[in-house]
Amino acid sequence: MPLLDVKNLKTHFHTRAGIVRAVDGVSFSVAPGEMLGIVGESGSGKSVANLSLLGLVPMPPGKIESGTAQFDGVDLLHCTNAQRRTIRGKKISMVFQDPMTALNPYLRIGDQIMEPLLIHENMSKADARARAVAMLKRVGIHDAERRLREYPHRFSGGMRQRVMIAMALITHPQLLIADEPTTALDVTVQAQILELLKTMQAELGMAVILITHDLGVIAESCDRVLVMYAGRIVESATVDDLFREPKHPYTRALLASIPATQEKGAQLYTIQGAPPDLTATMEGCPFAPRCEHAQPQCKIGPIPLAEIAPGHATACKRILAGEIT
Amino acid sequence: MIRFILRRVLGFIPVFLIIATLVFFLIRLAPGGPFMEGERHVPPEVLEQIRESYNLNAPLPQQYAMYMWDLVRGDLGPSMQQPSRTVSQWIVLRAPVSVELGFYSLIVALIIGLSAGIIASLRPNTLTDYIPMSIAMAGICMPTFVMGPLLVLIFALKFQWLPVSGWDAPAEKILPSITLGTVYAAYIARLARGGMFEVLAQDFIRTARAKGLSETRVVLRHALRGGLQPVISFLGPAAAGLLTGSFVVEKIFIIPGLGKQFVDAAFNRDYTMLMGAVLFYAVLILIFNLIVDVAQAWLDPRVRYD
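A. View of the sheet that holds strand β12 (residues 312-314) of chain A. Residue and element names in this part refer to chain A. Strand order across the open sheet formed by eight strands is β6-β7-β8-β3-β9-β10-β12-β11, with mixed pairing between neighbours. Sheet topology places β6 (92-95) and β11 (306-309) at the edges, where each strand pairs with a single neighbour. Adjacent strand axes in the sheet meet at a mean angle of 20 degrees when their direction is disregarded. For strand β10 (residues 232-238) and β12, the ladder comprises two bridges, and the chain directions are antiparallel. Residue Ser236 lies in a different strand from β12, and its bridge partner there is Ala313. Contacts from helix α7 (residues 157-169) reach β6 and β7 (175-179) within the one sheet, and its direction differs from that of β6 by about 175 degrees.

So this is what it looks like as structure tokens:
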């Protein structure tokens, strides 16, 4: 049984320019203990989909138009605020992209790390402090007792992300949503933070949703991948399958764009055109206007994600029909 | 921190002397003087003698030197128009009344202003934002000399719940405090809304919500410190202004405070009294700005004492 089962999630933003369909019918599930990667370019809806699950999309202008998200017997999209608060930070935690702004500059690190314990587990301050010290040590911060009393501006970017991770994991959640946890960091620090996430996942046995636009990060750490484009999932596969046998033309184009895989001196491959305007209603495949294999039929009707091999699904009509390989 | 305060207090001395110098010459630039012919029927020889006794006939640089010498020793001299008391005695007599009025007004302003501003910031661009903010705008636009008589008309004359004027019984202190407080409440409400609005849009507020905190805890524990910074900056000069008295409010409600003394001194060309009142005001502003700086550094750990 999946830990989290999301069905037909649609999150739209009602702006002056029109309705932005940021997430437009997304379904996926997360098994206990797995690391699921969600990859896509900026604006593909990967962050919004996950923020929607925890009710963190600003409303207005955002609105969840449809969908269910079963987690631990509760539908996250239709539960009361009180129910949601008992899940947030306790059973599902989040780590955000920019550790420079995601920590409160006015509060000591210790107070911020201890806070989830104090509100979710009714723990005494002394016990919470002991847990916080232990957690800080586990995420690799030395001299934890002293550093608990310091403010975020005294920490470097990588250290702050370690603090964020400690804060997210201190309640031993069943699911961690890491929203571009390494994007704002130096390359060397990125590797350390990913390594830390993997170690902590193994130690705590939790599931992780890792949102990123970096295929390298996916290849290094995930079990399964979802590829998102224009608010939809266009491909879902295990990491091995995705890199060995990408199906959807968008996924293929993405893989082809990785500079390291290209010949030195050759002109870098880029996907022609620009991501679609999300305020326009889209018939058919959202990638069709940029796809070299597109046919008139690609612009007709909804194209659901369908399995092409066990555990490997794609939302390309022509691939599914065997017209292209 | 102690070093920071000491250094700032030392810095007060030149500022204070510069203000004293400027005011000394500025008030003498105004036409007329404290002892002019034609107001009362005093023989010219007598006026001349009075001017002589206050040293007003001496050359200006000499007058200045003598005044500054007295000032440095803490002597503000006698009031030129109300010679029954020295300037210091007048300030000691009148200031407590103004300070009391200012204190009550500040409390009124903070309670109304902060609650209105914070409530407005929680649901921006809805009725709970528009209504308090419209009232605040009206409060800023409405001068005290309209607000005061209006409150008197309603609460003292129509309903007869409160006295019209005076400053002895506690009931008499209510209307003046509200009159003076509401203007500042309006400013505080707008500043609090702006500050809170900005902080509530920050990433760390989303982090706080993601941790499962209640909305109350998000606002009180995570947003308030940063959100109230603009209010704190405003409170320094505002508190100094409130505590030195409001001429208009003191005039409307017949309150024997420093504000009335101040304006009377300006009209009467009471040079020594005017100097005293301005310098008292200057010292208060310096002190409150220092308090604000210390408070801000205490609230925001990124601010250093430099």
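B. Structural view of the pairing of strand β1 (residues 4-15) of chain A. Residue and element names in this part refer to chain A. In this structure, β1 lies alongside strand β2 (residues 18-30), joined through nine bridges in antiparallel fashion. Of the residues in β2, the one forming a bridge with Val6 is Phe28. Pairing between β1 and strand β4 (residues 62-71): eight bridges, direction antiparallel. In the sheet register, Thr11 faces β4, and the bridge partner there is Ile64.

C. Structural view of the interface of chain B and chain A. In this assembly, 19 residues from chain B lie in contact with 22 residues from chain A. Residue assignment for the side of chain B that touches chain A shows that the elements contributing at least two residues are α8 (203-210) and α9 (215-227) of chain B.

D. Seen up close, the confidence of the model for chain B. When the pLDDT values of chain B are averaged, the result is 86; 97% of them are 70 or greater. Reported for the predicted complex are a pTM of 0.79 and an ipTM of 0.85.

E. Structural context of α8 of chain B. Within α8 of chain B, seven of the eight residues are buried, which leaves it mostly tucked inside the rest of the structure. For α8 of chain B, the full list of buried residues reads Phe204, Ile205, Arg206, Thr207, Ala208, Arg209 and Ala210 of chain B. Looking at the buried side of α8 of chain B, the elements it contacts are β6 and α3 (99-102) of chain A together with α7 (174-200) and α9 of chain B.

F. Seen up close, the pairing of strand β3 (residues 35-39) of chain A. All names here are of chain A. Within β3, five of the five residues are buried, leaving the element largely enclosed by the surrounding structure. In β3, alternate side chains face the same way, and those of Met35, Gly37 and Val39 on one face and Leu36 and Ile38 on the other are all buried. Direction of pairing for β3 relative to strand β8 (residues 207-212): parallel, over a ladder of five bridges. The residue bridging Leu36 from the neighbouring strand is Ile209, located in β8.

How each quantity is defined
Sequence order sets the numbering: in each chain, residues are counted from 1 along the sequence as written. Chains carry letters from A onward and ligands carry numbers from 1 onward, assigned in written order. Under the rules for a predicted model, residues below a pLDDT of 70 receive no local features and side-chain atom pairs below 80 are neither given nor counted, while totals for whole chains, interfaces and linings still include all residues. A pair of strands is labelled paired if DSSP reports no fewer than 2 bridges between them. The helix and strand labels rest on DSSP assignments: H or I over at least four residues marks a helix, E over at least two residues marks a strand, and numbering proceeds from the N terminus. Helix axes are fitted to C-alpha atoms over the stretch in contact, other axes to C-alpha atoms as well, and angles between N-to-C directions run from 0 to 180 degrees. This entry defines residue contacts through backbone-placed C-beta atoms, with two residues in contact when those atoms are within 7 Å. Note on scores: pLDDT gives the predictor's confidence for each residue, bounded by 0 and 100. Exposure classes come from backbone-placed C-beta atoms, where a residue is buried if 20 or more other C-beta atoms lie within 10 Å of its own, exposed if 12 or fewer do, and partly exposed in between.

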